[in-house]
Amino acid sequence: MNHLFYFFKKVLPFFIFVLFFQVAEGQPLRHAWSASSLHFGASNVISPDLNDFNGVQWEKKGHLFTRLEEAGRGYQIVEYNPENNFSEKVLVTSRNLITEGNETALDIESYTWYKKKGLLLLFTNAKRVWRAKTRGDFWIYNVNESSLVQLGKGLPESSLQFAKISPDGERAAYVSEHNIYVENLETGERKQLTHDGTERIINGTFDWVYEEELFCRDGFRWSPDSKSIAYWHIDARNIGTYLMLNTTDSVYSYVIPVQYPKVGYDPSSAKVGIVKISTGKTEWIPIPGDPVKHYLPRIEWIGDNHKLMVQQFNRKQDSCWLYLVDTKKNKVKTIYNESDSAWIDLNYFWQYDRPGWDWIDGGKSFLWRTEKDGWRHVYKISKNGKREKLITPGAYDVIDIVGMDRKHQLLYFYASPENATQRYLYMVNIDEPGKAVGLSPKEETGTHTYNVSPDGLFAIHTFSNHNTPPQQEFVSLHPYKVIKEIPSSIPESLVDNMTRNPKHFFKVTTSEGITMDGWVIKPADFDSTKKYPVLFYVYGEPASTTVKDNFSPNSWYQKLADMGYVIISVDNPGTPAPKGRAWRKALFQNIGIGNIHQQAMAATKILKKNWIDSSRVAVWGWSGGGSSTQNLLFQYPNIYQTGMAVAGVSNMLYYDNVYEERYMGLLPQSLKYYKEGSSVNHVRGLAGNLLIIHGSGDDNVHYQNQEALINALIAAGKQFTMMEYPNRTHAINEGKGTTKHLYTLLTHYLVNHCPPGGR
């Protein structure tokens, strides 16, 4: 059990510790998620009672919810009813989950509650597969019969993935070692549905790049009648293998192979099959096109036992098709297609939070997000694709769909028309779309998050901004009303300490007329008559923004500010801020050049402040930010004297094809853009101090990027400093003392080459 007792007593100290060493506004991944997205609301967070709403899991269609909670020396899973003053029902306690031969209860990683069947599906003994713990053991606890049964007995330990109980409650399906199985819950009889699974023939789950770039992990879907399963089949046999070398975990080194399609090399072949449970026979869907020249990021049954929706991207990712599949006749019909002169954004969060499509009108229509009118808007599209209707008109972006009240035909979504660093809840009527209605409290300026019940009637509302820690309340949405407030348990003195050097937001307009959002942290004893060194934090690519008005204090930045540094971050055009399509697509075939130029132009304007010492300017970043740091130091040595680049891509041709080809184009026609944007080709411009850091076990941005940059710097006669962290991944956080060592290294390098303090 992950005994993270209730959030503010047990998790918060860990939170503060993490913030000391984490990136200011993004975790160190190529896709730099916001630091505020550290999910303390995961299903394995333990709370002693309903004094917060962390770890809530809604029932599939209504508004009852469950939580895993501390109970004495054990735990329990409890169901709550918000319509009845949060009345509770204990579903299971840890004493019911002690297996034969053991004295302690199962260590639950996560669970799924099948209320109609009275079944709890428990995920235990979890192991990480690349990014997430998606492999482990599954158990089923029957609440009505108080019985506990393990799925997949006899299969290798911790080998099961994505177990799901069939709609009729009679079977469970799961993946083990790249094959799909079904198991009868009454008899325990197991049937293997696919037989060709290997490390390179993948059924029901995905290869590295599908997970990393298309956010696909769970690769199969039960049909509504429980008679068939639709699943992805990935053929990675022709994918190149990148060999990582482990030299520290044994006397003799050994290689770790990663099937990784780099720029210009074909991705895995992907197709979709329908396997019948009764026969075990798969029928392949005849999706148009060459299976190695397209991507299939989404499939879903649409409520009909013989109808399936499939989404397809072309290799360049500038065209998208939606296919309606008649599985009975095995016929495919194109109902919608869309193209963009740059690329089409995948609706990322569908894969994690709401796989599939939002169907309305009894399955006759669905909702779809697109930027085709210049803004990201929601459209209602008929099942045959012949009719579409704009649901969210206006000069603003829909940041994300949050939920839907089908009874009242209300759509809830995030938007922030006035301030792209913030986020608010809006509502619009699907049948009679007009001006969207803002629901978030107007006096609470910042970032609002809503965990909405499947029926759209209730939500858990969390608010924070740069100097206000997260505040929770339970609300009804129609009409909007607070039902239960959760007072913040963070002492004001602690908040004051975490924000003792306050963050302020600003806008900067360059000499070219480009206005960008930014934030600045100044020393608490700031003296405008003195000149201070500045550290720029940069990301700058289409995967993430760094300037968000949420509570994401960073103890490292606080320490640097105490020492007399000014820390600044700016979001350039091309970052995914809600500022319209033109802003977001500004870096098409221009990463490494356009973003670098805009960051430099912003810095040029900022450095005119009379309190900044232009002779002490440093920049740092991680992953895409590491790439940007290198390019800024090489291309604009007159601005930046010191750079600290962590896990950066030095040669874009070394990164994966899905990410780079989406933004930079295909080879060979786009080769010049890759060369122009790769920092390895600009090393002759280095005139200042460069520190490069990389983990040799980085499966994302391969260590060859570091070595290629080292060779280029040596050839150009440029001196530099480097640090390799043996066997560490892209996050560089494995091993005792690693994180502290890394940030101590960064601090010492900064102090030595860009001295602190006002002068």
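Quick summary incoming for the structure in this document. Given the structure is predicted, the values throughout are model-derived calculations rather than measurements. (Residues numbered from 1 in each chain as written. Predicted model: local features only at pLDDT ≥ 70, side-chain atom pairs only at ≥ 80, totals over all residues. Heavy atoms only, no water.)

### Some thoughts on the overall build of the protein
Within the protein, the regular secondary structure consists of 12 helices and 43 strands. Since a compact globule built from 759 residues should have a radius of gyration of about 27 Å, the 26 Å found for the protein is in line with a globular shape. By its C-alpha atoms, the protein is 75 × 65 × 55 Å across when sized along the principal axes. The buried share of the protein, taken over its 759 residues, is 60%. Sequence separation of 24 or more characterises 58% of the internal contacts of the protein that already satisfy a separation of 6 or more. Roughly 30,300 Å² of accessible area belongs to the protein as shown, and the carbon and sulfur atoms make up 49% of that amount. Charged side chains of the protein number 82 positive and 79 negative; the gap between the two group centres comes to 3 Å. (Helix = DSSP H or I, 4+ residues; strand = E, 2+ residues; numbered from the N terminus. Rg over C-alpha atoms; globule rule 2.2 N^0.38 Å. Buried < 20%, exposed > 50% of the residue type's maximum accessible area, 1.4 Å probe, protein only. Contact = heavy atoms within 4.5 Å. Areas by Shrake-Rupley, 256 points an atom, 1.4 Å probe, with all protein chains shown as cover. Lys, Arg positive; Asp, Glu negative; His and termini not counted. Charge placed at Lys NZ, Arg CZ, Asp CG, Glu CD.)

### A short note on helix H5 (residues 555-563)
For H5, the complete set of buried residues consists of Trp 556, Tyr 557, Gln 558, Leu 560 and Ala 561. Put simply, Asn 554 is the residue that caps the front of H5, since its side-chain oxygen is 2.9 Å from the backbone nitrogen of Trp 556. Positive phi appears at Gly 564, one or two residues downstream of H5, with a value of about 110°. (Polar contact = N/O pair within 3.5 Å; in protein donor to acceptor, adjacent residues only side chain to side chain.)

### Remarks on the pattern of salt bridges
Taken as a whole and assessed by the stated rule, the structure comprises 27 salt bridges. With its nearest N and O atoms 2.9 Å apart, the salt bridge here joins Arg 67 to Glu 69. Like Arg 67, the residue Glu 69 is buried in the burial classification. Put simply, Asp 340, Glu 371, Asp 397, Arg 581, Arg 584 and Lys 585 are held in one network by salt bridges that share partners. (Salt bridge = Lys/Arg side-chain N within 4 Å of Asp/Glu carboxyl O.)

### Quick notes on the sheet that holds strand E23 (residues 331-339)
Spatial strand order, E20-E21-E22-E23: four strands in an open sheet with antiparallel pairing. Two strands close off the open sheet at either side, each with one partner strand: strand E20 (294-301) and E23. Strand-to-strand twist of the sheet, defined as the mean angle between neighbouring strand axes without regard to direction, takes the value 20°. Here eight bridges tie strand E22 (residues 319-326) to E23, and the two strands are oriented antiparallel to one another. Of the residues in E23, the one forming a bridge with Trp 321 is Asn 337. (Pairing = 2+ DSSP bridges. Axes fitted to C-alpha atoms, helices over the stretch in contact; angles between N-to-C directions.)

### Describing the layout of surface pockets
Reported here for the second largest pocket is a volume of approximately 780 Å³. Along the wall of the second largest pocket there are 32 residues; nearest its centre are Arg 128, Val 129, Trp 130, Arg 135 and Glu 199. (1 Å grid on protein atoms, 1.4 Å probe; cavity = no way out; pocket = protein on both sides within 12 Å on 5 of 7 lines; lining within 4 Å. Points joined across faces, edges and corners; volume = space filled by probe spheres on them.)

### Comments concerning the packing of aromatic side chains
Describing an aromatic ring pair means giving the distance of the ring centres and the angle of the ring planes. Across all of its chains, the model carries 38 aromatic pairs by this definition. On the basis of an interplanar angle of 45° and a centroid distance of 5.1 Å, the ring pair of Phe 53 and Phe 474 is categorised as tilted. Of this pair, Phe 53 sits in the loop between helix H1 (7-21) and strand E1 (57-58) while Phe 474 sits in strand E34 (residues 468-477); the two residues are 421 residues apart in sequence, bridging distant segments of the chain. Each member of the pair, Phe 53 together with Phe 474, is buried. Ring centres 4.6 Å apart and planes at 80° place the aromatic pair Trp 343 and Tyr 663 in the edge-to-face group. Taken together, the residues span a long stretch of sequence, with Trp 343 in the loop between E23 and helix H3 (348-352) and Tyr 663 in helix H9 (residues 657-664) at a distance of 320 residues. Pair check on accessibility: Trp 343 and Tyr 663 agree, each one buried. Taken together, the ring pairs connect Phe 53, Trp 58, Phe 65, Tyr 80, Phe 86, Phe 458 and Phe 474 into an aromatic cluster. One Lys or Arg, Lys 271, reaches over the ring of Trp 284 and ends 4.0 Å from the middle of that ring. The side chain of Lys 522 reaches across the aromatic face of Phe 526, ending 4.6 Å from its centre. (Phe/Tyr/Trp six-rings, centres within 6.5 Å; stacked < 30°, edge-to-face > 60°. Lys NZ or Arg CZ within 6 Å of the ring centre and 35° of its normal.)

### Quick look at the pairing of strand E26 (residues 377-382)
Of all six residues making up E26, six are buried, and the element is well covered by its neighbours. The two faces of E26 match: His 377, Tyr 379 and Ile 381 on one face and Val 378, Lys 380 and Ser 382 on the other face are all buried. One ladder, built from six bridges, connects strand E25 (residues 365-370) with E26; its direction is antiparallel. Following the sheet pairing, Arg 369 is matched in E26 by Val 378. Two successive antiparallel strands, E25 and E26, enclose a turn made up of six residues, where Gly 374 displays a positive phi of approximately 100°. Here three bridges tie E26 to strand E27 (residues 388-390), and the two strands are oriented antiparallel to one another. Looking at E27, one finds that Tyr 379 is bridged to Leu 390. Counted between consecutive antiparallel strands, the loop separating E26 from E27 contains five residues, among which Gly 385 sits at a positive phi close to 80°.

### Here we look at the nonpolar core
Judged by nonpolar contacts, the single largest core of 62 residues is most densely connected at Tyr 210, Leu 308 and Phe 366. Ignoring sequence-local partners within four residues, the contact set of Tyr 210 consists of Phe 215, Cys 216, Ile 234, Ala 270, His 294, Tyr 295 and Leu 296. Within the second largest apolar cluster, 41 residues are counted, among which are Val 508, Val 534, Trp 583 and Ile 692. (Core = buried A, V, L, I, M, F, W, Y, C linked by side-chain atoms within 4.5 Å.)

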